[in-house]
Every structure is written in structure tokens, then in C-alpha cells.
Amino acid sequence: MKLPPRVTICEVGTRDGFQIEPEFIPTELKIEVVDRLSDAGLPAIEVTSFVHPKVVPQMRDAEAVMAGIRRRPGTVYTALVPNDKGAVRAVDAGADELRTVISASESHNLANVNMTVEESLTRLAAVAEVAGRAGVPVVAGISTSFGCPFEGTVPLDRLDWLCGRLAALGVRGLGLADTTGMANPAQVARTFAALQPKWPGLEWTLHTHDTRAMAIPNILAAMEGGVTHFDASIGGLGGCPFAPGASGNVCTEDLVHCLHAMGIETGIDLDRLIDTARRVQAIVGRALPGQVIKAGPWDRRYPLPDSVAARRGG
Ligand code: COA
Ligand code: ZN
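Owing to the predicted nature of the structure, the values given are computational and were not obtained by experimental measurement.

Reading guide: rules and limits
- Residues numbered from 1 in each chain as written.
- Chains lettered and ligands numbered in written order.
- Predicted model: local features only at pLDDT ≥ 70, side-chain atom pairs only at ≥ 80, totals over all residues.
- Heavy atoms only, no water.
- Donors = N, O, S within 2.8 Å, 3.2 Å for Na, K, Ca; no water.
- Helix = DSSP H or I, 4+ residues; strand = E, 2+ residues; numbered from the N terminus.
- Buried < 20%, exposed > 50% of the residue type's maximum accessible area, 1.4 Å probe, protein only.
- Disulfide = S-S within 2.5 Å.
- Salt bridge = Lys/Arg side-chain N within 4 Å of Asp/Glu carboxyl O.
- Polar contact = N/O pair within 3.5 Å; in protein donor to acceptor, adjacent residues only side chain to side chain.

A.B. asks: Go over the coordination of the zinc ion (ligand 2) with me, naming the residues and quoting the values.
C.D. replies: In this structure, Asp 16 (OD), His 207 (NE2) and His 209 (NE2) serve as the protein donors to the zinc ion (ligand 2), at separations of 2.0 to 2.2 Å. Donor residues binding the zinc ion (ligand 2) come from one chain and are separated in sequence as D-x190-H-x1-H. Placement of Asp 16 in helix 1 (residues 13-17) and of His 209 in the loop between strand 7 (203-207) and helix 9 (215-224) is noted, with a sequence separation of 193 residues between them. Looking at Asp 16, the relative accessible area reads 3%, which means it is buried.

A.B. asks: With reference to specific residues and values, describe the state of the cysteines.
C.D. replies: Throughout the structure, instances matching the rule amount to zero disulfides. You can see Cys 10 has no disulfide; the closest cysteine sulfur is in Cys 251, sitting 15 Å from it. As a non-bridged cysteine, Cys 148 has Cys 240 as the owner of its nearest cysteine sulfur, 10 Å distant. With relative accessibility at 1%, the residue Cys 148 sits in the buried group.

A.B. asks: Tell me what's going on with the pattern of salt bridges, and back it up with residues and numbers.
C.D. replies: Under the criterion given, the structure shown has 21 salt bridges. Salt-bridge contacts for Arg 71 lead to Asp 96; the nearest nitrogen and oxygen are separated by 3.4 Å. Here Arg 71, found in the loop between helix 3 (62-68) and strand 3 (76-81), pairs with Asp 96, found in the loop between helix 4 (84-92) and strand 4 (97-103); they are 25 residues apart in sequence, far enough to count as distant. When salt bridges that share partners are traced, they join Arg 15, Asp 16, Glu 46, Glu 97, Arg 99, Arg 172, Glu 203 and Asp 231 into one network.

A.B. asks: Please give an account of the environment of Ser 233 that cites residues and values.
C.D. replies: Summarising the element assignment, Ser 233 is placed in the loop between strand 8 (229-232) and helix 10 (252-261). A sequence separation of 21 residues divides Ser 233 from Asp 254, and the C-alpha atoms of the two residues are 9.8 Å apart. There is a polar contact of 3.2 Å between the side chain of Ser 233 and the backbone oxygen of Leu 237.

What follows is the structure, encoded as C-alpha cells:
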């Protein structure tokens, strides 16, 4: 395998994860989780989203969360926005970067943000203006990039067209999101190979959901194609409230563990990450899908059974 020596992980659990939690998570606990993630050395954290508080009630405390977190030098604190109103709120709250949302498929865009794709593009142009005036970079995420739960296949031409429209807004990067875990590694490789060379100056991110256990294989396929930015959720939290069948993102500690086992650097402290995942499980009151939290890291060793130790002369 030809893999990069280092990758950048953006933690999205407090946004993509917490947004679908049915019980409101108190603001101080959201802040505590972000602070723990900062302490674990995450280079980027998508802290919250500035969306309509009635549409996503869990994110109604976005301003308070942004105001309460500790800012670790070296971590980028980003926030999701669907429109210029959200962008103004996020900039006022001190977001280091804005992440916008639009879907490749019309049906999911209407379900998610109540706009046609063309209407969203108009709003995102306004977001880019707000961000440009504030000197805040924008990374444009594209939901349902690899398939839509309503429409099925999303043609590569369609994705290509949307990347072009978003690139023209002067964004720093594009994020291809597999909203409901429909992508497979061959498709991921093909997609990045087709699109990345067309806009080589952009930073490309892959945002995965592990709905069908293909997230890490998809990330590896993207890495082989030169992609070095990935979103992940602590404990494997996550899911889109407006995409039926959506479930958690790739689990951050499982991904970091896999990368470290292969000798790829992330700058993240895995032990602290696992402690944070335990804390998040306590906060949401249930076990999360992460595996390493249960199994321990690959180099965990167990004491030899006495009978075996005796035979080995120990
Ligand atoms: N933050 C807070 N309020 C907002 C807002 C934002 N980002 N955008 C719009 N509003 C308010 C408007 O001010 C207006 O308020 P009013 O009724 O008091 O005048 C009201 O919402 C309606 O505005 P409109 O532009 O018609 O929005 P909408 O009702 O069509 O909702 C979105 C559009 C995008 C705001 C809404 O669908 C949304 O927040 N979606 C987010 C979905 C999401 O987070 N999905 C998961 C992440 S991918
Ligand atoms: Zn997502």
C-alpha cells in the first residue's frame, strides 16, 4: 500500500454525533467533551452547528458552547452552517473555519435544509461573502456524494458539477460526505481520482459514516489516492436526522488506532481519546459502536494462564 506518513483528523462527534441524540445534552457537558478532545490533541474539531434551533434542537446552544470551550493553540475550531444567517452567527461566535452543507441530490437537500440545490448555492455564495469579510476560511461539504437514501446512485457528473460550483465560491476545501454509508472503496478511489486533479489547490476531506462497515476501507482507499483529511466521531457517534437509515461516523479512536498501528502519524494521544470515548458513553448513557474501547489497542497483552506459564518454566 502507498499511504501518506501523516493525516489530519477532524473530530465531528459534538456536531454530527450530538445532533441526533434525543435527550438534550447540557451545554457544560458538550464543552467538557470539546475540551477533552482538545487535550487529546485533535488538530480540528467541528464543535457545533449554527442551524435553525427548532429544526435541530440539540444544537440550540451553539453560541454558548463556542463561548465556553478552551482554545488549544494548534486546534482549528470549526462550525457547520447551512446559510448566511448561520455564517454570521458562527463568525460572531469566533469559529476559526466554516463548514457549509449542501447535498449532491435534490431530495436530500430539500429534506435537510428545505432548499433546492440551486437555492442552497445562492445561500452558500452569501456564506462565502460573510466569511470572506471576516477572513474566515470555508470548507464546503457535499452530503450524499456517494449515493442518496432517496434517489440511489449519484452520478459522478453531478458531483463534478457541484464541486465546480462550490470551488468557484473561493472555498479552501471540499468535503465529500458519505451520509448513509453507501460508498465502497473502489467507488471512493474512482471518485477522488476523477475530481482531485481538476482542483489540485483545494484541500480534500472524506466524511464517512460506518452504516455498512465500509468506513475504514473507504478511508484507506482515499489515502491511497492522496487524500489526507478525514472526519471522524468519538465513540462512533453520528447520523443525519434527515437521512433515513443514517448511523454513526467512522469511530475516531478506532481510526486513530488503525493509523497508528500502521505507523501513520495523527498527533493525537490515543489513550486520552479512549478515556474521552468512555466519558461520552457515560454522557449519552449507552455503549457506542467503537471497537478499540472494548478490545484495547492491538499491543495489549494478557497474563499467561498458570498452566501454560508452568510448562514454559515461568
Ligand atoms: N440559524 C438560526 N435561525 C435561522 C437560520 C440559522 N442558520 N437560518 C434561518 N433561520 C431562521 C430565519 O431567521 C427565520 O426566522 P423567523 O421565522 O423568525 O423569521 C426562519 O429561520 C425561517 O428562515 P428560512 O430561511 O425560511 O429557513 P427554513 O425554515 O427554510 O430552514 C434551514 C432552513 C437551513 C435554516 C433549516 O432547514 C436548518 O437549520 N437545517 C439544518 C439541517 C441540519 O442541521 N442537518 C444536519 C446537518 S447536515
Ligand atoms: Zn455526517
